[in-house]
Amino acid sequence: MNRKKGSKSCDVLVLGAGPGGYAAAIRAGQAGLKVVIVEGEKAGGTCLNVGCIPSKALIHAASRFHQTKMAERDNPFGISLGSGSVEIDLSKTIDWKDGIVARLNKGVEGLLKKAGVELVTGWGRMLDGKTCEVSGKDDPVLIHAEHVILATGSVTTSLQSLPFGDKVISSTEALALTHVPDKLVVVGGGYIGLELGTAFAKFGSEVHVVEFADHILPHYDREIGKVVLQSLKSLGVTVSTGASAKHLSEDDSGLVVALADGSEEILPADKILVTVGRKPRLDGWGAKSLYLTMRDGFIAINDKCQTSMTDVYAIGDLTGEPMLAHRAIAQGELVADILAGKPRRFDPAAIPAICFTDPEVVSVGLSPDEATSRGYETAIGQFPFAANGKAMAGAAETGFVRVVARKDNNLVLGIQAVGKGVAELSAAFGLALEMGARLEDIAGTIHAHPTQGEALQEAALGALGHPLHI
Ligand code: FAD
Ligand code: NAD
């Protein structure tokens, strides 16, 4: 069938409305540029629809359920549940989570509209560096643009020997399960595996994590991984490191795993959640018809997010590690500023990384080993939450805050923390690094009492050699 192609033109075309794309579009629209953003699914991308937000909603619900269920165990507070039993109806939890996602979808659409951005729903395909064909419910549309921002994000990686299906699922399906699986095997002990593995363990699943590396959370240093491992064990989660997933057992009832000692084991499983990383989404939008230079499998960009093609920019997961929403947003905003005529380049002092396990993990800047391997002589201060009044009062004594600084001038190079609720400390950590703080700046800042944030000040005091509360 020959369908008529509508056509429109704009200053900026954004392909993909994830955090990177929608942030770029909003900023460019606010600057008065004529912007069209193309999205095949719902505004908000992976992050809002099947990533950051829904996972944090389930993590929160799981913690509420687990805390209530365990209220009478290890209970110095005198809580009694009476004779009532505590149950979870996961389908209701999922409805609640979907409600949050729907509100945020509408919120992003509203922000785009307010900034004067046109949202075109459909799958875009670049015909050349200035033209995109969009196929959706209606007739195909041709969009001509002065500037293009590629923001198609990333997709789940699968294992060849363990294809996705009813039993073998990715994070997307895990975030939509309406029944708690009795036995859940998680392949990959990184971000998603441990965040969702912890949530399902709290919902009541018997969880077994299979991790290829010799320690969990290989993106973080071992000392942090140890604290998380301890907590996983106390939740009843089994962790096999140095192990690799092979294939489903002959009767499909479990996963065959090669263990570190060379033996093989079948792990019984109702569901197998495969979380072995994500890869840039390079298929389906005409990447091959463009002249884009690649680097390590991602689209190569410079510090202005320019690709190898004139007037074609790329941002977010498409462009490399760390594949995090806040990096995508920062790049999106930066490109819009550049297109609006501002001199900008992407050169953050650090990009915070957080893993929402229990306890949570934060790392901003260099770990002690990374600092040493870059040739720095370091001063390190570490303060345990066991010596922090607020943490004690909140039964959150596990973990620590650690500050890594240059020994010669006390410039802070990195800050790490593991502990309950430390995700919220990442703002202070990031600000310290971005402002070029010295140990004295942190130590000399009055930190409110009682807060877990005091552990940051204490860690800085420790690195200076005069801790107060330890
Ligand atoms: P995406 O969010 O992937 O958006 C790309 C968009 O482009 C999608 O909406 C897609 O439909 C659209 N698109 C693709 N191709 C086309 C096309 N041809 N035409 C039209 N539209 C197209 N990061 C964090 O920082 N914190 C977290 O807590 C966190 N948790 C996560 C939890 C999970 C389970 C997952 C999977 C990821 C998580 N992430 C988290 C990572 C985060 O989601 C990504 O880093 C972020 O979404 C990347 O943003 P982006 O704009 O580059 O791409
Ligand atoms: P990941 O890179 O965090 O973890 C993958 C893990 O799988 C690694 O530990 C790796 O060693 C292991 N692995 C790889 N192959 C394996 C195999 N065959 N058998 C056993 N283990 C294997 O990836 P992810 O958890 O899939 O998350 C993808 C990305 O999404 C992350 O890198 C991150 O960028 C983003 N994310 C971020 C957050 C957050 O910021 N809180 C949360 C979720 C996801």
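In case you missed it, the structure is sitting above this.
Residues numbered from 1 in each chain as written. Chains lettered and ligands numbered in written order. Predicted model: local features only at pLDDT ≥ 70, side-chain atom pairs only at ≥ 80, totals over all residues. Heavy atoms only, no water.

Q: Requested: an account of the overall build of the protein chain, with residues and values cited.
A: Tallying secondary structure elements over the protein chain gives 13 helices and 24 strands in all. Its C-alpha atoms give the protein chain a radius of gyration of 24 Å, within 12% of the compact-globule value 23 Å for 470 residues. Based on the C-alpha atoms only, the size of the protein chain along its principal axes is roughly 70 × 60 × 50 Å. Counting the 470 residues in the protein chain, one finds 49% classified as buried. Sequence separation of 24 or more characterises 63% of the internal contacts of the protein chain that already satisfy a separation of 6 or more. Looking at the protein chain as shown, the accessible area adds up to about 22400 Å², and 52% of this sits on carbon and sulfur atoms. When the 45 basic and 54 acidic side-chain charges of the protein chain are each reduced to a single mean position, those positions are 6 Å apart. (Helix = DSSP H or I, 4+ residues; strand = E, 2+ residues; numbered from the N terminus. Rg over C-alpha atoms; globule rule 2.2 N^0.38 Å. Buried < 20%, exposed > 50% of the residue type's maximum accessible area, 1.4 Å probe, protein only. Contact = heavy atoms within 4.5 Å. Areas by Shrake-Rupley, 256 points an atom, 1.4 Å probe, with all protein chains shown as cover. Lys, Arg positive; Asp, Glu negative; His and termini not counted. Charge placed at Lys NZ, Arg CZ, Asp CG, Glu CD.)

Q: A description of the nonpolar core should follow, citing residues and the corresponding values.
A: In terms of nonpolar packing, the biggest core is built from 51 residues, with Leu13, Met126, Ile143, Ile149, Leu150 and Trp285 touching the most fellow members. If you list the elements that add at least two residues to this core, you get strand E1 (6-15), helix H1 (19-30), strand E2 (35-39), helix H4 (90-114), strand E5 (131-135), strand E6 (141-150), strand E19 (312-314) and helix H8 (325-339). By residue number, the principal contributor to this core is E6, which donates six residues. Excluding residues that lie within four positions of it along the chain, Met126 makes contacts with Leu13, Leu15, Thr131, Cys132, Val148, Leu150, Trp285, Gly286, Ser289 and Leu290. (Core = buried A, V, L, I, M, F, W, Y, C linked by side-chain atoms within 4.5 Å.)

Q: Which residues make up the pattern of salt bridges, and what values do they have?
A: Taken as a whole and assessed by the stated rule, the structure comprises 21 salt bridges. A salt bridge links Glu118 to Lys8; the shortest N-O distance between them is 2.5 Å. Separated by 110 residues along the polypeptide, Glu118 in strand E3 (residues 118-121) and Lys8 in strand E1 bring together distant segments of the chain. The class for Glu118 is partly exposed, based on a relative accessible area of 33%. Taking the relative accessible area as the measure of exposure, Lys8 reaches 26% and is therefore partly exposed. Residues Glu264 and Lys246 are paired through a salt bridge, measuring 3.0 Å at the closest nitrogen-oxygen approach. In this pair, Glu264 is assigned in strand E14 (residues 264-268) and Lys246 in strand E12 (residues 244-248), connecting sequence segments 18 residues apart. Taken together, the salt bridges that share partners define one network made up of Lys202, Asp358 and Lys420. (Salt bridge = Lys/Arg side-chain N within 4 Å of Asp/Glu carboxyl O.)

Q: For H8, give the residues involved together with the corresponding values.
A: Its 15 residues place the ends of H8 21 Å apart at the C-alpha level, agreeing with the 21 Å of an ideal helix rising 1.5 Å per residue. Along H8, the residues classified as buried are Arg327, Ala328, Gln331, Gly332, Leu334, Val335, Ala336, Asp337, Ile338 and Leu339. In this structure, the buried residues of H8 make contact with E1, H1, E6 and E19. Two residues or fewer past H8, Gly341 is found with a positive phi of approximately 100°. (Expected span 1.5 Å × (residues − 1).)

Q: Give me the lowdown on the site of ligand 1, citing residues and values where you can.
A: In the region of ligand 1, 38 residues are neighbours, and Glu39, Thr46, Lys56, Asp317 and Ala325 sit closest. Within the backbone of Cys47, a nitrogen or oxygen atom sits 3.3 Å from an oxygen atom of ligand 1. Residue Asp317 places a side-chain N or O atom 2.9 Å away from an oxygen atom belonging to ligand 1. Alone, ligand 1 offers 990 Å² of accessible surface; in the complex the protein occludes 94% of this. Elements with a contribution of two residues or more to the shell around ligand 1: H1, E2, helix H2 (45-50), helix H3 (52-69), strand E4 (123-128) and H8. By residue number, the principal contributor to the shell around ligand 1 is H2, which donates four residues. (Near = heavy atom within 4 Å. Polar contact = N/O pair within 3.5 Å; in protein donor to acceptor, adjacent residues only side chain to side chain.)

Q: Break down helix H7 (residues 222-234) for me, citing the residues and quoting the values.
A: The end-to-end C-alpha distance of H7 is 18 Å, a good match for the 18 Å that 13 residues give at a rise of 1.5 Å each. Considered for burial, the residues of H7 that qualify are Ile224, Gly225, Val227, Val228, Ser231 and Leu232. All buried residues of H7 fall inside an arc of 160° around its axis, so they share one side. Exposed positions of H7 whose direction lies more than 90 degrees from the buried face are Lys226, Gln230, Lys233 and Ser234. Those residues of H7 hidden inside the fold are in contact with helix H6 (191-203), strand E11 (238-240), strand E21 (360-365), strand E23 (400-406) and strand E24 (412-419). A positive phi of about 90° marks Gly236, the residue just after H7. (Arc of directions from axis to C-beta.)

Q: Explain the packing of aromatic side chains to me, using residue names and the numbers behind them.
A: Considering all chains together, one arrives at two aromatic pairs under this definition. An angle of 65° between the planes, with centres 5.8 Å apart, marks the rings of Tyr191 and Tyr220 as edge-to-face. With Tyr191 in helix H6 and Tyr220 in the loop between strand E10 (206-210) and H7, the pair connects residues that are 29 residues apart, well separated along the chain. Overall, the relative accessible area of 6% leaves Tyr220 in the buried class. Note on Phe200 and Phe203: the rings are 5.8 Å apart at their centroids and 65° apart in plane angle, and the pair reads as edge-to-face. In this pair, Phe200 and Phe203 are both assigned in helix H6, three residues apart and thus about one turn of the helix distant. Of the residues examined, Phe200 reaches a relative accessible area of 1% and is grouped as buried. (Phe/Tyr/Trp six-rings, centres within 6.5 Å; stacked < 30°, edge-to-face > 60°.)

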